[in-house]
Amino acid sequence: MPKWAMVIDLDKCTGCGACMAACKMENNIAIVDPEEAEYGRAMFWMDMITEVEGEFPNVRTRRIPKPCFHCDNPPCTKVCPVRATYLNEEGLVAQIYHRCIGCRYCMAACPFTAKVFNWKKPQWLDGEETCINPDVSVRSVGVVEKCSFCAQRLMKVKEEADLEDRPLRDGEYMPACAENCPADAIYLGDLENKDSMAHKLSHSYRAYRVMENLGVEPKVYYLSKRT
Amino acid sequence: MEIKRRDFLRLFGGLSGAVLLGGCGLDEVFDVPEALVAKARNGPGIETWKNTICRLCPGGCGIRVRLIDGTPVYVKGNPNYPVNQGGMCPLGLSALHALYNPDRLKGPVKRTGPPGAGTWEPISWDEALKTITETLVKLRGEGKSHQVAWLGYDERGLMKEHITRFMRAYGSPNYFQFSPTQNDIVPYLLLHGRPQIPAYDFLNAKLVVSFGSNFLEEGYSPIYYTKLYSHHRERETRYIQIETRMSLTAANADRWIPVHPGTYGALALGLAYVLIREELYDSTFVKRQTFGFEDWTDRSGEKHLGFKSIVLGNYYPERVAGITGLSSTTILELGRELGHTRPAVVIGDGGAIDNANGTFSLMAVQSLNALLGNYEQEGGVFFVGDPPFAALPAVVEDSVGKNGNQQIPVAHSLDVTFPVTNFSIESFTQNVLAERPYPIRALFLYKGNPLFQTLNHVDFAKALEMIPLVVSFDSVISETSEYAHLILPDHTFLEQWDEISNVPSVGFTHVGLQQPVIEPLYDTRNTGDVLIDLARRIGGTVAASFPFENYQKVIEHRAAGIFNSGQGAVASEGVKRFWLEYLHQRGWQLGRYASFEEFWGQLREHGGWWNPIRKQKSEREIFQTPSGKFEFYSQKLKSTIDSLVEKMGQKEQPQNLESVLTRLNISARGDSAFLPHHEPVSYEAEMPLHLITFRVLPNPDGQAANLPLMQEMFGYTVRRYWDSWVEIHPETAAEYGISDGAWVRVESSAGSISVRAKLNPGILAYVVAIPFGLGHSSYGRYAKGHGENPYSILRNLYDLLSGKPALEATKVKISLQSKPGV
Amino acid sequence: MRVGSHIDYELDQDAALYRPIYKTGRMYYFAVGSMVAIILWAFYMFFTQVRDGLGVTGMNQPVTWGFYIVNFVFFIGISHAGTLISAILRLSKAEWRRPITRMAEVITAIVLAIGGLHPIIDMGRPDRMLNLVESGRLQSPLLWDITSITAYFTASTVYLYVPMIPDIARLRDRGGKFKWFYAFAAWGWQGTEGQKRVLNRAINILMVMVIPIAVSVHTVISYIFSMTLQPGWHSTIFGPYFVVGAIFSGIAALLIVMIAFRKAYHLEAYLKEIHFQYLGTLLLIMSIIWFYFTFSEHLTGIFGGEPHEMDIIMYKFTGPFATFFWAMVMCNFVIPVLILSFRRFKKISGILIASISVVVGMWLERLNIVVPSLANPRMELPVGIYVPTLVEWSLFAGGVAVFVLGFLLFSKFFPIISIWEIEEGRKEGLKEIEERIHSYLPRTTSPR
Ligand SMILES: Nc1nc2c(c(=O)[nH]1)N[C@H]1C(S)=C(S)[C@@H](COP(=O)(O)OP(=O)(O)OC[C@H]3O[C@@H](n4cnc5c(=O)[nH]c(N)nc54)[C@H](O)[C@@H]3O)O[C@H]1N2
Ligand SMILES: Nc1nc2c(c(=O)[nH]1)N[C@H]1C(S)=C(S)[C@H](COP(=O)(O)OP(=O)(O)OC[C@H]3O[C@@H](n4cnc5c(=O)[nH]c(N)nc54)[C@H](O)[C@@H]3O)O[C@H]1N2
Ligand code: SF4
Ligand code: SF4
Ligand code: SF4
Ligand code: SF4
Ligand code: SF4
Ligand SMILES: [Mo]
């Protein structure tokens, strides 16, 4: 069984935000009204954290792209009353939009504020309906959503691999954010596969995970010389 | 795909339920857009991919569009296209929002009310073109063809040639582009004698020192640079960013060095001082390939001071420290690091050139590359060769055309200002207003949005109102096209044929093929084709100059040249840089295509052609100056000024020279005036703070403000959405009692705007910065009424040599308007 | 004169307890009317929420919970007054309990129902409520709540009903247009010795049973928070802390209700100064215990000084929530202690003020628990803002209105003071107590 994980190389990442946009487009994520966004209801599965350290002129700004960490010991799934979010056998933390009752307990329980909620009926650019990605189901009002590691793409490459009956190649399963990252800073791969890039990098001396002390075992590794 | 089909079946299972539940919005299916449900009905779609070029900024990235049953549903980077190698920026990713934008014009329209009233009525293409043709033919008949003008934006390559061809054939010298790119060229022109922005071999450099060039965000091709940057991260190349505000590039650099606005040149000369004094410069190159370094005597026996003496005499660290606000140790450190690292390349842009002294400070920056002997060296500066396009048939000119083309272009300044450029939006505006040297009877507005993007909004609007026929090609009505009489909407780039070659500063010859991925959604036309149509309607020599079926055929015609040259290769999986170089060593050519048809087919499939192999240029080729060398002492500038002096009557009168220099805001006298030097910028003393503007990836030039995702992401670095902000240093903010998120009034002598504060320790204490891009009063439902346009409070100042807007020459005062609140 | 009925009860010794049932004043109709109006408005507001989504509230990311969860915890807390208190008093055979127990039990029944509705109000998809049954996960603390609340509700309604049977029988015997109903509800009570024995047995079993359930309920509610890893929530003290808070607010609520009915229905003869004195003392004790818990909770946080923990503490001490936090301390500790520890202030009026202050304070406490932890996310994100909207306020008002209305209706159909227990008190109470006291004392040898 593969265990999918993501590695983000902060030494390469410039903070350009392409991953945020790619995610929005690939996953049919709604764009909320300006006032709503300003009030903290903007929906980004891939978020951007800005950390400013040091005193002028030795200021260091670093930008940290933040998807869902797909924790291996996810506090969010534990609290869900209806199993609308769960950890699947390949290590993805999934959402079942059709079952979610919208209690937002999982959001309250996520230490990394990775989930977003459909506070209103999701809306798209008038007329954009025509360009919605048919591989990704559209969410409805009142349910929670978050980064899925582009699970639909995993399904697709699996199907392709099955047809050619061969195992998946490393890097074949490529989420939208990684695919478009101009710095090639995002890797997604199988931790169980010792030769996978993700496995190698996750064992690099630069690798760290956010708040490891919590023991939630995030499966998103960051690489950085300066932690 | 199976899964999806099941998904949709489930979806329908729910749909019946939705009907029962009626309007109470209780069933998720209720939220599924009709179109998607319709799509679901057809079962899983067939997926296809088409390659083309992104045109949302001049970056020229190759993109790959995913189509389901022919409908574009997703855009990603083309992994095989050499410029971006699969990388994208947020803007490019939202391309579909441009295609499906609800505010697009559905066909040609005619203005019936006053400008800005928004009263438009549909008109047929034929009728519209008739009206225009009548005017053009009439003017031509009266021998007034030169009174027709065309204001373009940033178009390059074929489209630029195409328009030039039309204007020449018709008989008008008045085709201009207002994007600052060609004003950018001036300093390079003075030093190199060639009107080309050089490329930088970042890939092989060990140290990159950038003077204000925010290349990761505002570079000509941000994604190209981002790719290089990320490679560097593996190669441990050092980046030093000299910039007033900590931009994205500065944030990613190994060292950020904040300098006062307008003092970049001084710092560059300070570094030159260290290089010269400590003999860290490339003396062979300087001796052999530069002019005006040592003191020299001209033919008339007159003695001249050289760059060396000027620098050693004036730009010693202590003085430079005083000007730039840095410590002299920092300057020494920098100079030594630059001098001791090889290869080290220096690049200048942004703040270094966006000021009243831009030309001289960029000359100073570029001089460092000369001192380091970087030209045509590994990890240095070089010039990319043009693609081997097939030449187009010559333009046919009749007497009317000839006569028209000989007239003085209307954008040529009629006094001494802007002597080294053929265009400045300012002189254009003023001359149109004054009807000098002649009135403008018809104006074509192509791309861009000058009324929003230029400094002198008020006068420009007046100028537009004076012109009897204004035709725009916008696909969304903008502040500028509000003033047009006719709008002939162009396709969006995903519906359009075009050819994008040699994006400035990209390090290899390349051609991107922009091709339609979908039939035009509306009754729009490619402006290239419209021109051909117009030419035919005008007839005579004008028609004769366009012996093409349509614009696409012109592209094919030029591409044939590439095929015949046998150079380079179509950008496909197999053909990566290393293997091209391998072939090159073997001296082989890449004529791998049996026929042009095959080549063209490949080109269409893969979306581009490139040739990374550069043949070394001789110095004569590199430097096209009078001396054939890199000119520290710009003889072009000297002769230009001399000719201005001559214009003023009795030759070589010292007081004439004096007045010319004064009117060009050049305070330096003697030889310094023609050498790279620091020109102090004259700011308004009574204003306490400097105002600078910057641009963000999601909306570099305000043209993306009608894309909802880009509006939402506009402030993604500061978590602000759909809104502008002003960046203030915490200490400055404290002085004014301003806290993060408070509303702040920013006031200059040109006007005032209110924006919310964003405290940012990454900016100089007495400088405030506002992003450019928002503040539209038109341009569609998503753009209108969000944020503020900082250009509306910038003073109407320019670099009087190059015509480049002095975006960092305005000072302001700020005041707290109201505390932060929801 | 008598309104609506020709039943003669005025001669009865406990006429005052029958009067509210048979005599309806204008004020009564007005009160009912206004409560119904408020409730209807709340319903309309809720409808808009269902129609437009939770966007009509002030919640957002990261403040994903607001008033609804606050009120949920608050109401469930209040509900502890009743059953728990009455059970404890009954168990300890405190004679003065007699006029109090029923009101207490009624509070529980009504408020529990209100509180129990809140998780549903808070759902983004109330239409999917049944998923909790279809695909409920018992591992989720939310499910624990649902279970224990249901259990508590059943137990406490039965516990309210059973001791009411003799009184219902009395009403049945007096006839009137609801005779059929009373006849049905009285279960053929005739007051025979046998029935009495069964009744007392039942009451004893129930009261032993409800106490652990009651304790479990609020413990489990605290688990909703303490089971997460969030700073400010992830605390072992939460179980007892919540229970204490619950009883605290419960007693306060009970006192308010008692004072209200005493005034409205002129029950001075039954609810004497002494009752308030006793309950007042109880309130004082709880206030001190509450402070002890609050103190320990924050001290451990501050002493450990874990950054995220400190963010939240400072947010409450000096940050945006300072007003609410310190107001809470005033209302829950300073005010009640000042009033209740001085004879001079410990009058009914004083106790009323103290109780109101405590109820407000305990609501603030719930607010101080729910919002700050959410508003201060662990990641480097801006501090969240939460501004409740009209909808949330309306539903809050609605909840309170249901509470008042519930009581009004109850007091219209049943005596809000247990008549038979009062009588029992008169008949057997004295004797029994005398015996009990004798039993405490050392045996005295009687003289020849
Ligand atoms: N289940 C199911 N199977 C089907 C069909 C069906 O309806 N249902 N339809 C059948 C039919 S009629 C057809 S025509 C086929 C077509 O279906 P496909 O076999 O998928 O062929 P395409 O959709 O043309 O694209 C194939 C893949 O080529 C890749 N591609 C596209 N352009 C480029 C490029 O420039 N470079 C590279 N490297 N890759 C590129 C994309 O990944 C694309 O998914 O499917 C057949 N199979
Ligand atoms: N994603 C992204 N892409 C970019 C950039 C970016 O920031 N982000 N950078 C852009 C940059 S920096 C450049 S230079 C290139 C080309 O970018 P271009 O599109 O060629 O130029 P822009 O600066 O984008 O836009 C035109 C500008 O003209 C300027 N202008 C105002 N007044 C005058 C005047 O009097 N004369 C002239 N000539 N111009 C005037 C205004 O500042 C306006 O913004 O690539 C652009 N590519
Ligand atoms: S796309 Fe890549 S470089 Fe850009 S922000 Fe995301 S991770 Fe960083
Ligand atoms: S990051 Fe948050 S949402 Fe994602 S798995 Fe971990 S806990 Fe759940
Ligand atoms: S919001 Fe949905 S997914 Fe999250 S816990 Fe509640 S039911 Fe589960
Ligand atoms: S993995 Fe997919 S879903 Fe997750 S952030 Fe990247 S693009 Fe978005
Ligand atoms: S940089 Fe962005 S907008 Fe510009 S061409 Fe590339 S993808 Fe398009
Ligand atoms: Mo630029």
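Computed from a prediction, not measured in an experiment: that's the story for all the values here.

Criteria and thresholds
Residues numbered from 1 in each chain as written. Chains lettered and ligands numbered in written order. Predicted model: local features only at pLDDT ≥ 70, side-chain atom pairs only at ≥ 80, totals over all residues. Heavy atoms only, no water. Helix = DSSP H or I, 4+ residues; strand = E, 2+ residues; numbered from the N terminus. Rg over C-alpha atoms; globule rule 2.2 N^0.38 Å. Buried < 20%, exposed > 50% of the residue type's maximum accessible area, 1.4 Å probe, protein only. Contact = heavy atoms within 4.5 Å. Areas by Shrake-Rupley, 256 points an atom, 1.4 Å probe, with all protein chains shown as cover. Lys, Arg positive; Asp, Glu negative; His and termini not counted. Charge placed at Lys NZ, Arg CZ, Asp CG, Glu CD. Buried area = accessible area lost by both parts, 1.4 Å probe. Salt bridge = Lys/Arg side-chain N within 4 Å of Asp/Glu carboxyl O. Polar contact = N/O pair within 3.5 Å; in protein donor to acceptor, adjacent residues only side chain to side chain. Expected span 1.5 Å × (residues − 1). Arc of directions from axis to C-beta. Pairing = 2+ DSSP bridges. Near = heavy atom within 4 Å. Nonpolar A, V, L, I, M, F, W, Y, C, P; charged D, E, K, R; others polar. pLDDT = per-residue confidence, 0-100. Core = buried A, V, L, I, M, F, W, Y, C linked by side-chain atoms within 4.5 Å. Patch = residues over 30% accessible without salt bridge, like charges linked within 9 Å, V, L, I, M, F, W, Y side chains within 5 Å. Axes fitted to C-alpha atoms, helices over the stretch in contact; angles between N-to-C directions. Parallel < 35°, antiparallel > 145°, perpendicular 65-115°, else oblique. Left-handed = near helix turned anticlockwise from the far one by under 90°.

### Comments concerning the overall build of chain B
Stage number 1. Per the secondary structure count, chain B includes 30 helices and 30 strands.
Stage number 2. A compact globule built from 822 residues should have a C-alpha radius of gyration of about 28 Å, and chain B, at 27 Å, falls within 12% of that.
Stage number 3. Each of the three principal axes of chain B carries a C-alpha extent, and together these read 90 × 70 × 65 Å.
Stage number 4. Across the 822 residues that make up chain B, the buried fraction comes to 64%.
Stage number 5. In chain B, of all internal contacts separated by at least 6 residues, the share reaching a separation of at least 24 is 72%.
Stage number 6. As displayed, chain B has an accessible area near 28,200 Å², and 52% of this comes from carbon and sulfur atoms.
Stage number 7. If the 79 positive side-chain charges of chain B are averaged to one point and the 87 negative ones to another, these points end up 2 Å apart.

### Some points on the overall build of chain A
Stage number 1. In terms of helices and strands, chain A carries seven helices and 10 strands.
Stage number 2. The globule rule puts the C-alpha radius of gyration for 227 residues at 17 Å, and the 18 Å found for chain A is close to it.
Stage number 3. In terms of its C-alpha atoms, chain A occupies a principal-axis envelope of roughly 55 × 45 × 35 Å.
Stage number 4. The buried share among the 227 residues of chain A stands at 69%.
Stage number 5. For chain A, contacts bridging at least 24 residues in sequence account for 62% of all contacts bridging at least 6.
Stage number 6. For chain A, the accessible surface area stands at approximately 7,500 Å², while carbon and sulfur atoms represent 51% of it.

### Digging into the environment of Y316 of chain B
Residues and elements named next belong to chain B.
Stage number 1. As for its position among the elements, Y316 is in the loop between α13 (307-314) and α14 (317-324).
Stage number 2. The class of Y316 is partly exposed, set by a relative accessible area of 34%.
Stage number 3. Spatially, the C-alpha atoms of Y316 and T509 are 41 Å apart, while their sequence positions differ by 193 residues.

### Quick look at the interface of chain B and chain A
Stage number 1. Listed as interface residues are 72 residues of chain B and, on the opposing side, 66 residues of chain A.
Stage number 2. Together, the buried faces of chain B and chain A total about 5,900 Å²; carbon and sulfur atoms form 60% of this surface.
Stage number 3. Inspection of the region where chain B meets chain A yields seven salt bridges.
Stage number 4. Two residues, R719 of chain B and D47 of chain A, come together in a salt bridge whose shortest N-O distance is 2.9 Å.
Stage number 5. Linking chain B to chain A there are 22 residue pairs in polar contact (both at pLDDT 80 or more).

### Here we look at helix α5 (residues 125-141) of chain B
Residue and element names in this part refer to chain B.
Stage number 1. Taking 1.5 Å per residue as the helical rise, α5 with its 17 residues ought to reach 24 Å, and the 24 Å between its terminal C-alpha atoms agrees with that figure.
Stage number 2. Where α5 is concerned, the buried positions are W125, A128, L129, I132, T133, L136, L139 and R140. Seen from one end, α5 has its buried residues packed into an arc of 130°, which puts them on one side. Of the exposed residues in α5, those oriented more than 90 degrees away from the buried face are E134, K138 and G141.
Stage number 3. Downstream of α5 by a residue or two, G143 has a phi angle that is positive, lying close to 65°.

### With respect to the sheet that holds strand β6 (residues 148-152) of chain B
Stage number 1. Strand order in this open sheet of seven strands is β5-β4-β19-β18-β17-β6-β7 (chain B), and the pairing throughout is mixed. Across the chains shown, the open sheet's two edge strands, defined by having one partner strand only, are β5 (120-122) and β7 (175-177) of chain B.

### Observations regarding the site of ligand 1
Residues and elements named next belong to chain B.
Stage number 1. As a matter of local geometry, ligand 1 sits amid I46, E47, T48, W49, N51, R64, E573 and E605.
Stage number 2. Between W49 and ligand 1, the recorded distance is 3.4 Å, taken from a side-chain N or O atom to an oxygen atom.
Stage number 3. With respect to ligand 1, the side chain of N51 contributes an N or O atom lying 3.2 Å from an oxygen atom.
Stage number 4. Protein contact buries 39% of the 890 Å² of open area that ligand 1 shows by itself.
Stage number 5. Among the elements that make up the shell around ligand 1, the one with the highest residue count is strand β1 (residues 47-53) (four residues).
Stage number 6. Taken together, the residues of the shell around ligand 1 sort by class into two nonpolar, two polar and four charged.

### Section: the confidence of the model for chain B
Stage number 1. Per-residue pLDDT for chain B averages 89, and the proportion of residues at 70 or more is 92%.
Stage number 2. Segment residues 1-33 of chain B: pLDDT under 50, and 54 contacts once partners within four positions in sequence are set aside and those in other chains are kept.

### Some points on the site of ligand 6
Stage number 1. In the vicinity of ligand 6 lie 13 residues, with C23, C147, F149, C150 and C177 of chain A positioned nearest.
Stage number 2. Here the shell around ligand 6 is built from residues that sort into 11 nonpolar, two polar and no charged.

### Details of the nonpolar core
Stage number 1. F112 of chain A together with W65, F225, L254 and L267 of chain C are the most contacted members of the largest nonpolar core, which totals 249 residues.
Stage number 2. Element by element, the count of residues in this core is highest for helix α11 (residues 238-264) of chain C, at 16 residues.
Stage number 3. Each residue touching L254 of chain C, except ones within four places of it in the same chain, is listed here: A81, I85, I100, M103, A104, I107 and L279 of chain C.
Stage number 4. Within the second largest apolar cluster, 156 residues are counted, among which are L191, F211, Y225 and F632 of chain B.

### Considering a nonpolar patch on the surface
Residues and elements named next belong to chain C.
Stage number 1. On the surface, W41, Y44, F47 and L390 cluster together into a nonpolar patch covering about 440 Å² of accessible area.
Stage number 2. Residue contributions to the nonpolar patch peak at three residues, all from helix α2 (residues 26-52).
Stage number 3. Relative to the elements of secondary structure, W41 occurs in helix α2.

### So, the pairing of strand β29 (residues 767-771) of chain B
Residue and element names in this part refer to chain B.
Stage number 1. Burial analysis of β29 places five of its five residues in the buried class, which makes it a mostly covered element.
Stage number 2. Residue alternation in β29 divides its side chains into two sets, V767, A769 and P771 and V768 and I770, and both sets are buried.
Stage number 3. As judged from the five bridges shared by strand β25 (residues 689-694) and β29, these two strands associate in the parallel manner. In the strand pairing of β29, I692 is matched with A769.

### As for the sheet that holds β1 of chain B
All names here are of chain B.
Stage number 1. Taken together, three strands build an open sheet; the order of strands is β1-β2-β3 and the sheet is antiparallel. The sheet is open, and its two borders are formed by β1 and β3 (71-77), each paired with just one other strand. With direction set aside, neighbouring strand axes in the sheet form an average angle of 30°.

### Thoughts on the pattern of salt bridges
Stage number 1. With the rule as written, the count across this model stands at 69 salt bridges over all chains.
Stage number 2. For R41 of chain A, the salt bridge is made with E36 of chain A, and the minimal N-O distance between the two is 3.2 Å.
Stage number 3. We classify R41 of chain A as buried; its relative accessible area is 2%.
Stage number 4. Overall, E36 of chain A belongs to the buried group, its relative accessible area being 13%.
Stage number 5. Of the charged contacts, one joins R104 of chain A and D122 of chain C as a salt bridge, the two residues approaching to 2.6 Å between their closest N and O atoms. Of this pair, R104 of chain A sits in the loop between β5 (93-95) and α4 (105-109) while D122 of chain C is found in helix α5 (residues 101-122), placing the two residues in two different chains.
Stage number 6. Of the residues examined, R104 of chain A reaches a relative accessible area of 1% and is grouped as buried.

### Brief notes about the packing of helix α14 (residues 322-340) of chain C against helix α15 (residues 348-375) of chain C
The relative placement of two packed helices is expressed as an angle between their axes plus a distance between the axes.
Residue and element names in this part refer to chain C.
Stage number 1. For the pair α14 and α15, the least separation of the axes is 8 Å and the interaxial angle reads 155°. The orientation of α14 relative to α15 falls into the category roughly antiparallel. Considering how the two elements wind past one another, α14 and α15 form a crossing that is left-handed.
Stage number 2. Among the residues making up the contact of α14 with α15, the classes are represented as 17 nonpolar, five polar and one charged.

### Describing the pairing of strand β20 (residues 498-501) of chain B
Residue and element names in this part refer to chain B.
Stage number 1. Both faces of β20 are covered, namely the face carrying D498 and I500 and the face carrying E499 and S501.
Stage number 2. Where β20 meets strand β21 (residues 509-514), four bridges bridge the pair, whose relative direction is antiparallel. Across the sheet, the residue bridging to D498 is Q514, located in β21.

### A few points about the side chain of S230 of chain B
Stage number 1. Position of S230 of chain B among the secondary structure elements: in helix α9 (residues 222-235).
Stage number 2. One polar contact links the side chain of S230 of chain B to the main-chain carbonyl oxygen of A183 of chain A, over a distance of 3.4 Å.

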